[in-house]
Structure formats: structure tokens, C-alpha cells
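# Survey of secondary and tertiary structure
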Amino acid sequence: MTTLVTGATGNTGRHVVAELVRRGERVRALTRDPAANAGRFPAEVELVAGTHTAPEKLDAALHGVSRLHITVTAGLAEVGPELVKRAVAAGVRRITVLWGGWVGPVEQAVADSGVEWTRLEAQEFMSNTLTWAESIRAEGMVREPYDFPSALVHEADIAAVAAVALLDDGHSGHAYNLTGPESLTTSERIAILARRLGHPIAFERITHEQAVERLMGTGVSRADAEYVIGWYAEPSASSTTVDDTVSRVIGRPARTFTQWVDEHADRF
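These remarks concern the structure in this document. Note that the structure is a prediction, hence the values are computed from the model and not measured. (Residues numbered from 1 in each chain as written. Predicted model: local features only at pLDDT ≥ 70, side-chain atom pairs only at ≥ 80, totals over all residues. Heavy atoms only, no water.)

## Concerning the overall build of the protein
For the protein, the count of helices and strands is 13 helices and 11 strands. The C-alpha atoms of the protein give a radius of gyration of 19 Å, which matches the 18 Å a tight globule of 268 residues would have. Taking the principal axes of its C-alpha atoms as reference, the protein extends roughly 55 × 40 × 35 Å. Relative to its 268 residues, the protein shows a buried fraction of 49%. Look at the contacts in the protein between residues 6 or more apart in sequence, and 72% of them connect residues 24 or more apart. Carbon and sulfur atoms form 51% of the exposed surface of the protein, whose accessible area is close to 12,100 Å². Across the protein, the 26 positively charged side chains and the 35 negatively charged ones have centroids separated by 5 Å. (Helix = DSSP H or I, 4+ residues; strand = E, 2+ residues; numbered from the N terminus. Rg over C-alpha atoms; globule rule 2.2 N^0.38 Å. Buried < 20%, exposed > 50% of the residue type's maximum accessible area, 1.4 Å probe, protein only. Contact = heavy atoms within 4.5 Å. Areas by Shrake-Rupley, 256 points an atom, 1.4 Å probe, with all protein chains shown as cover. Lys, Arg positive; Asp, Glu negative; His and termini not counted. Charge placed at Lys NZ, Arg CZ, Asp CG, Glu CD.)

What follows is the structure in C-alpha cells.
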């Protein structure tokens, strides 16, 4: 059976592809530019052109696919239900969906699809820390509005849960809250980075509005920027409290932030 992974070149999608390949599965990776991304995947991965935000063009990509992984990204809310409809019509019988932070139209369409589904309610990704890389390299500085705790989860652990849910029975109809094994404040994360890099990193507090405007500068709408920064201002209990779902599902401890830093230290 073949699994189609959308968002295959993203922070989590590439890990989903790798985990499925590791388990000996046939994988089809959806990417806007297969030629440009060919070297990023093992040779046995089938790269197909397309984007999940244009489901009307994905009939060929969905042909022969029995399992589907969807990463909810910007622009998918409006067309995601059509993607799910086309996938089910094409013969997909099991879907995992990495949510966009709440149960929106895509997540609901998956739940209503009539096929086996698992929703991955991942909290903050450890890879969000990469937004600090440029200022750390240039100034030895991190600028954020809040010193909040976050039970960050490693992207590879999200992928491992996705692979289990796609390949193994017993996960249908579950919404899995995914966190890492520890809840760390911004200051604590900076301290871990500083120890690994071997030099101090300063932490400068900025205002809520400055954080919103900075995010808007990357092309994010004001509404989306307000949502993201608002999430940091008033994090939910599920995002700050350690949950053992990852370890229960994949059968090993969740990766720590220190492990993530060791893997990505050269980028800082």
C-alpha cells in the first residue's frame, strides 16, 4: 500500500516520510517542485508535483493511495474539505492530520470522512526555536515578548506518532495531544542553547505589538499574527503541561529539547 504525505518538505512532513521509509513503506511525497527536492529524500520515495491547497489537481497524486498524511497549513482551511473528499473517493482508507492549532474545517472534514483517522494535536514545535537563529548568530540576542513555559515537542516524535497511527491498528478516532517530556520557559531554552554553544545569549523583552508586527513582516496576516502571539501571551494548559502520549504511542521516551539543540547547534 502507498502513503501520500502532504507538506513533505516541511518541518514535520520530511520526518514523516523518513519514518515511513524506515519502516519499509511505499511513500509518495507531495512537493511543488520534485526536481528541486529530489536530493532531500531517499531514492525509493516517489516525488509527485502539487500542493494540497490545490486538491483539484491531485487526482494523479492520489491514484493508488490507501493512506494519507495531511499537515494543516495556511490556505488549507478553505480547500481542505475538498482534499479530504477527493482522497476518500480515490480510495484512501486511513488519514492522519496534523492540526493547525484548533479543530477547523480540515480537521472536522477528516473526522467526518467515514474512514479511519487520527488527529495529531501537537503543541509547540521545537523547530520554532530556529526563528532565533539569525539574531543569535548576529548579536547573541533573543527578543521575545513573553517568558512563558512550553512543553515543546520534537518534530521527529510527531512524525513517529503519525507513522504508528498510519500503519498500526488501534488509533482510529483518537485525538492525540503531543508534547515533549519537559516544560521549559523561554529563559530556560535560551540557557540550554547558551550552554551548548559555549557563549552567553541575552534575552530582551519586546512588547506584544512589536512581536505581532515582526511576524507580519514575514508575510503573515495581522489576524494570524495576533493569534500566534496571543497563544504565547496566554498559553493553554495542554501546551504547558507535559503529556506522555508520545512515549505511550511510539514505545520510547520523547526526545528532549537538549537533544534537539544538539542536532541543530550548527544553525545557531
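## A word on the packing of aromatic side chains
This structure, assessed with the given rule, holds six aromatic pairs. Here the aromatic rings of Trp 231 and Tyr 232 are separated by 5.2 Å at their centres, their planes lie at 70 degrees, and the arrangement is edge-to-face. With relative accessibility at 14%, the residue Tyr 232 sits in the buried group. Aromatic ring contacts, followed pair by pair, group Phe 148, Trp 231 and Tyr 232 into a single cluster. The residue whose ring lies beneath Arg 189 is Phe 257, and the NZ or CZ to ring-centre distance is 5.8 Å. (Phe/Tyr/Trp six-rings, centres within 6.5 Å; stacked < 30°, edge-to-face > 60°. Lys NZ or Arg CZ within 6 Å of the ring centre and 35° of its normal.)

## What about the pattern of salt bridges?
Under the definition given, this model contains 19 salt bridges. As a salt-bridge pair, Asp 169 and Arg 94 come within 2.8 Å of each other at their nearest N and O atoms. Within this pair, whereas Asp 169 is found in the loop between helix H7 (155-167) and strand S9 (174-178), its partner Arg 94 is found in strand S5 (residues 94-98), the two being separated by 75 residues in sequence. By relative accessible area, which is 64% here, Asp 169 ends up exposed. On the basis of relative accessibility, which here comes to 12%, the residue Arg 94 falls in the buried class. Here Arg 222 ties to Glu 209 by a salt bridge, and the two come within 3.1 Å at their closest N and O atoms. Separated by 13 residues along the polypeptide, Arg 222 in helix H10 (residues 222-233) and Glu 209 in helix H9 (residues 208-216) bring together distant segments of the chain. On the basis of relative accessibility, which here comes to 36%, the residue Arg 222 falls in the partly exposed class. Residue classification places Glu 209 among the partly exposed residues on the basis of a relative accessible area of 31%. A network of salt bridges, in which partner residues are shared, links Asp 59, Glu 82 and Arg 86. (Salt bridge = Lys/Arg side-chain N within 4 Å of Asp/Glu carboxyl O.)

## Thoughts on the packing of helix H8 (residues 186-197) against helix H13 (residues 257-264)
Closest axis-to-axis distance for the H8/H13 pair is 10 Å, and the angle between their directions is 45 degrees. One way to sum up the angle between H8 and H13 is to call them oblique. In the packing of H8 onto H13, the handedness of the crossing is right-handed. Residue-level inspection shows Arg 189, Ile 192, Leu 193 and Arg 196 of H8 in contact with H13, the latter providing Phe 257, Thr 258, Val 261 and Asp 262. (Axes fitted to C-alpha atoms, helices over the stretch in contact; angles between N-to-C directions. Parallel < 35°, antiparallel > 145°, perpendicular 65-115°, else oblique. Left-handed = near helix turned anticlockwise from the far one by under 90°.)

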